[in-house]
Amino acid sequence: MSAGPIRLSPEARTALRPATAARITGGFWATRRRINAEVSVPQGWEGLAAAAAEHPAPDAEEHLWLEAASWQLAEGGAGTAFQELAERVGRLVGAARAEEERREPSAPVRPVERRWPASVPERATAVPETELRDAVPLLQAAVAHRRATGESTLLDVAQRSADRIGALFDAGADMEPVCGPPGIGAALVELYRETGERRHLELAEYLLDRRERDGLGTGAPGDGPDGPGTDPGGARRRDPLPVREASQVTGHAVDRLRLLTGVADLAAETGDRGLREALVRLWEDMAATKTHVTGGVAARDAGESFGDAYELPPDRAYAETCAAVAAIGFGWRMALLTGDAHYSDLIERTLFNAFAAGVSLDGTRWAGVNPLQVRCHDEGAPAGRPGRTPWSGAGCCPPRAVRLLASLPHYMVSGDADGLQLHQYASGSYAAGGGAVRVGTAYPWEGRIAVVVDEVPEDTDWTLSLRIPPWAREYEVTVGGTPRTERARDGWLRLRRRWRPGEVVVLSLPLSPRRTRPDARIDAVRGCVAIERGPLVYCLEGADLPEGIRLDDLALHPGAPLDEEHRPGLLGGVTVITTRGLRRAVRSRAWWPYTDGGDGAEGAEVPTDPVPVHLTGIPYYAWANRGDGPMRVWIPV
């Protein structure tokens, strides 16, 4: 893959730039991507074909699938399956062109010269929200199709779509609602990057400015024109504060993250330091107070929203797969913008846990909601939602997840004037920063990562930077078999020297299982721990318990060792963690679930005669692949 979802302009003000070439060739993500290409992408086409009978004109979901399929085409390939995919992509491109000609046969691409009104006069015409919203996946699909194939048919359609919107604003039009869809900014900036036409960047700036000035609301989330509670989606269209002034991420998680993604793109292209500072502040608020241990975001089912600081209930967690995708996109832009490693630390956590859990191991079933606990009496995920469902029942999550898997090589590596940075560890070949490397690893099951330096600038020092995760306190690195003494600073281990092609760097990360405690302010999981190994969060699942043992009644045995064992035949091949637990004595059901606290000492009631139980933890991403049932990440101690 020589180009991905982000292609910075030459003038972009970022610390790092995406790889110039990237390919994942083996290991964990290669397996997931192969299933994505062979199963999930064709499944999406079948769903679209079934819907096309009722809605012949291309819609947003078709454009989302088209973008994912285009990134799959960018991988290259041969054979019947590849040819069939290319033909399906061509059919959708042709349908989009035909629909545009039906609507407006002679619409030309507008000239570069344009006029932006300093203020919007009394409304002459309106720009419907649907037109703005539908433009987002069209623009994204057009850019992906152009980068994958070099063909401009759909890109021309997208430019005319953007120019129609811009022309309405030139004429003094208003927006309904005034703040517009949150994804329009990123889509327009990427259209600018692909075409070099600055008017698309100016339109993105204009829409953000309008949102900042006019998209603010005083009503509470859910308040509508007919009174409180009459507009459940109202929180999605109202911003409590402009981005530049906000100190907290609030509202609908997916929409907020898609908005911030576009703001990050604008900050990268314009060098706006006010926007950059706001983005850092908002990301830090999200990471520190509103992110589950899996990397998932959105605490509340109602409004699909972030919730308050430290409001992170495991059983009611919404943690939508779309939100994980959006968080990864936002985080990657922040990593490129600033060069800081902790953005990629969270990307890794989100990828392996909150995102990977969103699709079944066979690539056929999808989860919109990803709770961290399902009780023994629950039938599925929060609010009565089922677990993973076929594509047609999972809303917007499947095409966005397919798209991320198809374009995943783009998120592995970056470069700068000094060299190449490895953000994520997956076997493959990568080029950036004037050099090229090959990576071989069985990560996340093994901690050994071998990097072969294939190409480097001649007769000059060059830097290979390896991200050291925050959980890897003890690690080793060798160059050509010789141990190195350099230590990581700010999350990066920087190896700067005059390299020879063929030299091998080996990074060994410790993957010992560990217990993770929550912040004391996270009320919902106080007194519990999570089990982690490397980048993976683990869970207990009902399928691994003896007959008659309820997951709700279990606790970890204090001080019991955490043992690891790789089981190639389980869940596609996973490393499990085994330990000892206790089944707590549970009194018979009574009409009142509370008891006298005795002398008032905390934990005064001690269960009698606890029963030892052997516990097996599996990676969280793999839960519910052996049928629905109880599960929990946070385990009482």
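The present account deals with the structure reproduced in this document. (Residues numbered from 1 in each chain as written. Predicted model: local features only at pLDDT ≥ 70, side-chain atom pairs only at ≥ 80, totals over all residues. Heavy atoms only, no water.)

Attention shifts here to the sheet that holds strand 6 (residues 413–415). The strand order across the open sheet built from five strands is 1-6-7-11-14, with neighbouring strands paired in mixed fashion. Of all the strands in the sheet, just strand 1 (17–18) and strand 14 (492–497) have a single pairing partner and so form its edges. As paired strands, strand 1 and strand 6 are joined by two bridges and run antiparallel to one another. From the neighbouring strand, R17 faces strand 6, where its bridge partner is G415. (Pairing = 2+ DSSP bridges. Helix = DSSP H or I, 4+ residues; strand = E, 2+ residues; numbered from the N terminus.)

This part takes up the packing of aromatic side chains. Scanning the entire structure with this criterion turns up 13 aromatic pairs. Seen in terms of ring centroids, W366 and W391 are 5.6 Å apart; in terms of plane orientation they differ by 80 degrees. Their pairing is edge-to-face. Placement of W366 in the loop between helix 12 (342–355) and strand 5 (373–374) and of W391 in the loop between strand 5 and helix 13 (397–406) is noted, with a sequence separation of 25 residues between them. This pair shows no difference in class: W366 is buried, exactly as W391 is. Arranged with centres 5.0 Å apart and planes meeting at 65 degrees, the rings of W592 and Y594 form a pair that is edge-to-face. Classification of Y594 by relative accessible area gives exposed; the value is 56%. Over the ring of W623 we find R388; its NZ or CZ atom is 5.9 Å from the centre of that ring. (Phe/Tyr/Trp six-rings, centres within 6.5 Å; stacked < 30°, edge-to-face > 60°. Buried < 20%, exposed > 50% of the residue type's maximum accessible area, 1.4 Å probe, protein only. Lys NZ or Arg CZ within 6 Å of the ring centre and 35° of its normal.)

To continue, consider the pairing of strand 8 (residues 427–432). Across the six residues that make up strand 8, a large majority, five, are buried. When strand 2 (residues 21–26) meets strand 8, the two strands line up antiparallel, connected through five bridges. When the sheet's bridge partners are listed, R23 is paired in strand 8 with S429. Count of turn residues in the strand 8/strand 9 (residues 435–441) antiparallel hairpin: two residues, of which G433 carries a positive phi of about 60 degrees.

Our next topic: the environment of R487. Inspection of the secondary structure assignment puts R487 in the loop between strand 13 (482–483) and strand 14. Overall, R487 belongs to the partly exposed group, its relative accessible area being 43%. Counting along the chain gives 12 residues from R487 to Y475, while the straight-line C-alpha distance between them is 9.3 Å.

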